[in-house]
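Here is how the chains run, residue by residue.
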Amino acid sequence: MQRTDREEGFRAKEDRLKDLFVRGLAGNTAAYQTFLGELSSHLRAFLRKRLVRLPDEVEDLVQESLLAVHNQRHTYDPDQPLSAWVQAIARYKLVDLFRRRAIHEQRTDSLDDGMDIFTSADSEAAEAKRDLSKLLDELPDRQRLPIVHTKLEGLSVGEAAKLTGMSESAIKVGVHRGLKALAEKIRGK
């Protein structure tokens, strides 16, 4: 099967960035500086697409992502695609931004906006919570516990790993597989 021009372009970018990064890890400062400069352009484009409504946040997130790449460079496995590793870091930074903004917005909600509090019952939320509990109870512990601790209780992957005695990788896999299983259960009901 032949690759498209787009796939060839992606592969060329991947290979170039990976080469620069690996040479930088080996001590080539010029290659590492070039890598960071080129990566910042790619990160900026990636984040701009996802922050259309928050354009002022793009540059800060680019810098946070570059710093995270630099600080976590020792975790990169050269046998794996560089783009997947960098994208995971950028996505974590994006999620962190959304969490920070959500917490800030919750703290600054106007009390006047919620005056209809007395007109709606909390029964829908209670029903949803009960349904979710039933679905979660059907999952094995290795999927249920990571979801409960990271998604419902808001713990970090590291905190959930310490709490459950599972590895951080097992927590991530458990969340992914558990959410996939929940989605299948919901579609089936």
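Keep in mind that what you see is a predicted model, and the values were worked out from it rather than measured.

### What about the packing of helix H6 (residues 141-152) against helix H7 (residues 157-164)?
Their axes nearest at 9 Å, the elements H6 and H7 cross at an angle of 135°. Between H6 and H7, the angle is such that the two are oblique. Every pair of crossing elements has a handedness; the one defined by H6 and H7 is right-handed. From H6, Leu145, His149 and Thr150 reach across to H7, where they touch Val157, Ala160, Leu163 and Thr164. The residue inventory of the contact of H6 with H7, partitioned by class, reads four nonpolar, three polar and no charged.

### With respect to H6
Within the sequence span of H6, burial applies to Gln143, Pro146, Ile147, Val148, His149 and Thr150. At the exit of H6 stands Gly154, carrying a positive phi of roughly 80°.

### Here we look at the pattern of salt bridges
This model, assessed by the stated rule, comprises nine salt bridges. A salt bridge links Arg16 to Glu38, with the nearest nitrogen and oxygen atoms 2.6 Å apart. Taken together, the residues span a long stretch of sequence, with Arg16 in helix H1 (residues 5-25) and Glu38 in helix H2 (residues 29-50) at a distance of 22 residues. Given the relative accessible area of 43%, Arg16 is considered partly exposed. Across the pair Arg101 and Glu57 runs a salt bridge whose closest N-O atoms are separated by 3.2 Å. In this pair, Arg101 is assigned in helix H4 (residues 82-107) and Glu57 in the loop between H2 and helix H3 (58-71), connecting sequence segments 44 residues apart.

### Some details on the nonpolar core
Counting residues in hydrophobic clusters, the biggest one holds 27 residues, and the most contacted among them are Phe21, Phe35, Leu47, Leu51, Val69, Leu82 and Trp85. Going through the elements one at a time, H1, H2, H3 and H4 are the ones with two or more residues in this core. The leading source of residues in this core is H2, at eight residues. Grouped together as the second largest cluster of nonpolar side chains are seven residues, Leu135, Val148, Ala181 and Leu182 included.

Criteria and cut-off values
- Residues numbered from 1 in each chain as written.
- Predicted model: local features only at pLDDT ≥ 70, side-chain atom pairs only at ≥ 80, totals over all residues.
- Heavy atoms only, no water.
- Axes fitted to C-alpha atoms, helices over the stretch in contact; angles between N-to-C directions.
- Helix = DSSP H or I, 4+ residues; strand = E, 2+ residues; numbered from the N terminus.
- Parallel < 35°, antiparallel > 145°, perpendicular 65-115°, else oblique.
- Left-handed = near helix turned anticlockwise from the far one by under 90°.
- Contact = heavy atoms within 4.5 Å.
- Nonpolar A, V, L, I, M, F, W, Y, C, P; charged D, E, K, R; others polar.
- Buried < 20%, exposed > 50% of the residue type's maximum accessible area, 1.4 Å probe, protein only.
- Salt bridge = Lys/Arg side-chain N within 4 Å of Asp/Glu carboxyl O.
- Core = buried A, V, L, I, M, F, W, Y, C linked by side-chain atoms within 4.5 Å.

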